[in-house]
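# Analysis of the macromolecular model
Listed here are the chains, written in short residue letters.
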Amino acid sequence: MDTITIHLDAADMRRMLRHAYGPHLAPVGEDFARPLPTDGPEQGTSHLATLRTGQRIVLRTAPSPEVDLLTQETDLLGAEVEALQMIPEHTDVPVPAMHHHDESQELVDVEWFCREHVEGTSLDHAVLDHAARLQVTRDLGRQLRALHTIEGESFGRFQQPLMDSWQDAFSGIFEDVLRDAQRFGADLGVDLDRVHGRFLDHSPALDAVRTPVFCLWRTPKSTIVVDEGWIVGLVRPAKTFWADPLLESAFSICLDAYSPASSALLSGYGRGPLEPDEVERRRLYDLYDALVRATEAALRHPQDLGARRQDLTAAMARLDHRR
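A brief report on the enclosed structure follows. Quick caveat, the model's predicted, so the values are computed rather than measured.

Before going further, it helps to spend a moment on the packing of helix α7 (residues 276–300) against helix α8 (residues 305–318). Axes are the key here: two packed helices are described by the angle between their axes and the distance separating the axes. The geometry of α7 relative to α8 is characterised by a closest axis approach of 8 Å and an angle of 160° between their N-to-C directions. Looking at the two axes, α7 sits roughly antiparallel to α8. Seen along the crossing, α7 lies across α8 with a hand that is left-handed. Between α7, through Arg283, Asp286, Leu287, Ala290, Leu291, Arg293, Ala294, Ala297 and Ala298, and α8, the contact on the second element is made entirely by Leu305, Arg308, Asp311, Leu312, Ala315, Met316 and Arg318.

Dropping the structure here:
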């Protein structure tokens, strides 16, 4: 289903930009926009457009209603809008400014918004030496620490019902993915009941988390914009939670306490190595991440399924390792 997408032609985008910016700024002609890559069909579409003034902006749409989504992928665009509005209110973390948000589906059949375009290079395309990459990792630690100062009242995914307990909330999130794998008939190379059992064996460790904080979960390199070795934008904060700060996937590298990347991230964050109880929680989150990636591969990227199955099996085995 990953070939299904919203098709916007020049006329569609002119109407949307006229609605967002007014006729005096909306572009004319045909050659004013180009598509930008996203990390999957669940992210909808992105276009880089140029207004009459020469200002470049990004036009984002929700995915087509025909795209098969995992439960946790519902309303990602709404979560992205909420995050882009919330982050500048509470922190100085660099995110693009929101310009316009439209949920009406009057101009196109999906929710959409326009935002600032952040100039720079995405980290997945940046040419950096080892020292510069460690500097970016250290800077990411600083940005995550700032985001984690935003506290919520309950735990769970943005745009979804919340719960008072992180153990209850994350157990439900984990079980949603198991149900998705069953719903799509995904063969993940391991019995799903066994995966669930390993999770339940270790889930009491989650009860130590008492304060829900703003958490991005995944920050792919494609969503981190850098310039001269510094982060200048986190541009697609869609997969957001009120959660344990260690849920952020960047902390997976900290399971290797002696790696330079781990030291850089923790130094930027302003903390020491993970404690034993934190290691157990982080390994649970690695299991969750491996389960999601394997299910995504079964649904959208069958060529990657073999490797994702191996990752899932390895994540299960690591749960019982002693530090």
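Next, the rest of the story.
Strand order in the open sheet made by the 5 strands is β1-β2-β3-β5-β4, with antiparallel pairing throughout. The two strands at the open ends of the sheet, each matched to only one other strand, are β1 (33–36) and β4 (98–102). Neighbour-to-neighbour, the strand axes of the sheet open up by a mean angle of 20°, direction not taken into account. In terms of strand pairing, strand β3 (residues 56–61) meets strand β5 (residues 112–116) through 5 bridges, oriented antiparallel. When the bridges of β5 are listed, Ile57 appears paired with Glu116. Each of β1, β2 (45–50), β3, β4 and β5 touches helix α1 (residues 10–21); the most contacted strand, β5, lies at about 65° to it. Across the sheet, helix α2 (residues 76–90) is in contact with β3, β4 and β5; its angle to β5 comes to roughly 35°.

It is worth spelling out α2 at this point. With 15 residues, α2 should reach 21 Å at 1.5 Å per residue; the first-to-last C-alpha distance of 21 Å fits that figure. Contacts made by the buried residues of α2 are with β3, β4, β5, α3 (130–147), β8 (213–215) and β11 (241–243).

Another point: empty space enclosed by the protein. Scanning the entire structure with this criterion turns up 1 cavity of 30 Å³ or more. Considering only enclosed or pocket space, the largest cavity measures out at about 80 Å³ in volume. Together, Gln72, Thr74, Asp75, Leu76, Ala79, Arg157, Phe158, Trp217, Ala238, Lys239, Thr240 and Phe241 line the largest cavity. For the lining of the largest cavity, the per-class residue count stands at 6 nonpolar, 3 polar and 3 charged.

Take the pattern of salt bridges next. What the rule picks out here adds up to 22 salt bridges. Between Arg14 and Glu30 there is a salt bridge, with its nearest N and O atoms 3.4 Å apart. On the criterion of sequence distance, the pair formed by Arg14 in helix α1 and Glu30 in the loop between α1 and β1 is long-range, its members being 16 residues apart. Given the relative accessible area of 59%, Glu30 is considered exposed.

Before going further, it helps to spend a moment on the environment of Thr121. Position of Thr121 relative to the elements: it lies in strand β6 (residues 121–122). Residue Thr121 is classed as partly exposed on the basis of its relative accessible area of 34%. Separated by 102 residues in sequence, Thr121 and Thr223 have C-alpha atoms that sit 9.8 Å apart. Here Thr121 is in contact with Ala126, Ile224, Val225 and Val226, once residues within four sequence places are set aside.

Reading the values: rules and limits
Residues numbered from 1 in each chain as written. Predicted model: local features only at pLDDT ≥ 70, side-chain atom pairs only at ≥ 80, totals over all residues. Heavy atoms only, no water. Axes fitted to C-alpha atoms, helices over the stretch in contact; angles between N-to-C directions. Helix = DSSP H or I, 4+ residues; strand = E, 2+ residues; numbered from the N terminus. Parallel < 35°, antiparallel > 145°, perpendicular 65-115°, else oblique. Left-handed = near helix turned anticlockwise from the far one by under 90°. Contact = heavy atoms within 4.5 Å. Pairing = 2+ DSSP bridges. Expected span 1.5 Å × (residues − 1). 1 Å grid on protein atoms, 1.4 Å probe; cavity = no way out; pocket = protein on both sides within 12 Å on 5 of 7 lines; lining within 4 Å. Points joined across faces, edges and corners; volume = space filled by probe spheres on them. Nonpolar A, V, L, I, M, F, W, Y, C, P; charged D, E, K, R; others polar. Salt bridge = Lys/Arg side-chain N within 4 Å of Asp/Glu carboxyl O. Buried < 20%, exposed > 50% of the residue type's maximum accessible area, 1.4 Å probe, protein only.

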